[in-house]
Amino acid sequence: MAINLQKGQRQNIDAPKFTIGLGWDTNSSSTGTAFDLDASVFILNENKKLVSDDHFVFYNNLKSPDESVEHTGDNLTGDGDGDDEQIKVDLTKAGDAVSEICVVVTIHDAENRRQNFGQVRNSFVRIFDAVTNEVLLKYELEEDFSIETAVEFGRIYKREGKWKFEAVGMGMKGGLQDYLNKYQ
C-alpha cells in the first residue's frame, strides 16, 4: 500500500530498483500556448554539487554514466492520465560519490510563453517498485506556485547507508539553467 506524503515528510525506500513517475495537468487555454514540462534529475555528491556534468539527466542526456538513472524520454504534451514522464533508478549501480538524487520539473520556455506552475494542477511524484509495480510512496503537490516556473518535487538521499525520499515541493522562478547554477 502506497504511503501518501505531505510536504517535508521523509520515507525510507526499501527497493534498490524503482521508477519515479511524474504527472501533471495544464490549463493551455490560460495562455493560448501548449505547455511543455520537463523532468530533470541532478545526481549530487555530499557537497550538494553534481558528481560530473554527465550526472545531470534530462531530455538531452537520458542516462547517467554509471547507468543508475535513466530518463525514459520527454513528453511534449502531458496529455492523458497517469505518469507524464518517468525516470528509472537502480541504486545498486550508483557510484560511491552519489549521495543525493534531486528531481526537478521545469516549464520549457516559460518566460516567452508566459506560463507558470499556477497554471498547472494535479502535480504528483510517485515511486514504484520496478519489479512488482507496487507504488511505494506518492506526493501530491498542493501548493499554488503562481510565479514559479520550476519546482523541486523531491529528493532521494543516502543517510547512514539507507536511501530515503523527501517530499520537497519547493518552487523557483527560473529554469534549468538556474538549477545548473545551483548544483555546479
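In this report, the structure presented in the accompanying data block is examined.

## Overview of the nonpolar core
Then comes step 1: Ile20, Leu22, Ile156 and Phe165 are the most contacted members of the largest nonpolar core, which totals 37 residues.
Then comes step 2: Of all the secondary structure elements, the ones that give two or more residues to this core are β3 (17-26), β4 (37-44), β7 (85-90), β8 (100-107), β9 (120-129), β10 (135-140), β11 (150-159) and β12 (162-172).
Then comes step 3: Setting aside its immediate chain neighbours within four residues, Leu22 contacts Ala39, Asp83, Asp84, Glu85, Ile87, Val103, Val105, Phe124, Val125 and Phe153.
Then comes step 4: With 12 residues, the next largest nonpolar core counts Phe42, Phe58, Leu176 and Tyr179 among its residues.

## As for the packing of aromatic side chains
Then comes step 1: This model, assessed by the stated rule, comprises six aromatic pairs.
Then comes step 2: Centre to centre, the rings of Phe42 and Tyr183 are 5.2 Å apart; their planes meet at 45°, and the pair counts as tilted. Remark: Tyr183 occurs in helix α2 (residues 176-183) and Phe42 occurs in strand β4; sequence separation between them is 141 residues.
Then comes step 3: According to the relative accessible area criterion, Phe42 is buried, its value standing at 0%.

## Thoughts on the sheet that holds β10
Then comes step 1: Taken in spatial order, the six strands of this open sheet run β1-β10-β9-β3-β7-β6, and their pairing is mixed. Either end of the sheet is taken by a strand with one partner, and the two such strands are β1 (3-5) and β6 (69-71). Taking the axes of each pair of neighbouring strands and ignoring which way they run, one obtains an average angle of 15° across the sheet.
Then comes step 2: Where β3 meets β9, eight bridges bridge the pair, whose relative direction is antiparallel. Bridged to Phe18 within β9 is Asp129.

## What about the environment of Ala39?
Then comes step 1: Counting through the fold element by element, Ala39 comes out in strand β4.
Then comes step 2: Taking C-alpha positions, Ala39 is 17 Å from Asp53, a pair spaced 14 residues apart along the chain.
Then comes step 3: Apart from residues no more than four positions distant in its own chain, Ala39 is found in contact with Leu22, Phe58, His71, Glu85, Ile87, Val104 and Val105.

## Side note on the side chain of His71
Then comes step 1: Within the element layout of this structure, His71 appears in strand β6.
Then comes step 2: Within polar-contact distance, the side chain of His71 engages the backbone oxygen of Ala39 at 3.1 Å.
Then comes step 3: Those residues in contact with His71 that sit more than four places away from it in its chain are Ala39, Val57, Phe58, Leu62, Glu85, Gln86 and Ile87.

## Overview of the side chain of Thr106
Then comes step 1: When you line up the elements, Thr106 lands in strand β8.
Then comes step 2: Beyond its immediate sequence surroundings of up to four residues, Thr106 is in contact with Asp36, Leu37, Asp38, Thr149, Ala150, Gly175 and Leu176.

The rules behind the values
Residues numbered from 1 in each chain as written. Predicted model: local features only at pLDDT ≥ 70, side-chain atom pairs only at ≥ 80, totals over all residues. Heavy atoms only, no water. Core = buried A, V, L, I, M, F, W, Y, C linked by side-chain atoms within 4.5 Å. Buried < 20%, exposed > 50% of the residue type's maximum accessible area, 1.4 Å probe, protein only. Helix = DSSP H or I, 4+ residues; strand = E, 2+ residues; numbered from the N terminus. Contact = heavy atoms within 4.5 Å. Phe/Tyr/Trp six-rings, centres within 6.5 Å; stacked < 30°, edge-to-face > 60°. Pairing = 2+ DSSP bridges. Axes fitted to C-alpha atoms, helices over the stretch in contact; angles between N-to-C directions. Polar contact = N/O pair within 3.5 Å; in protein donor to acceptor, adjacent residues only side chain to side chain.

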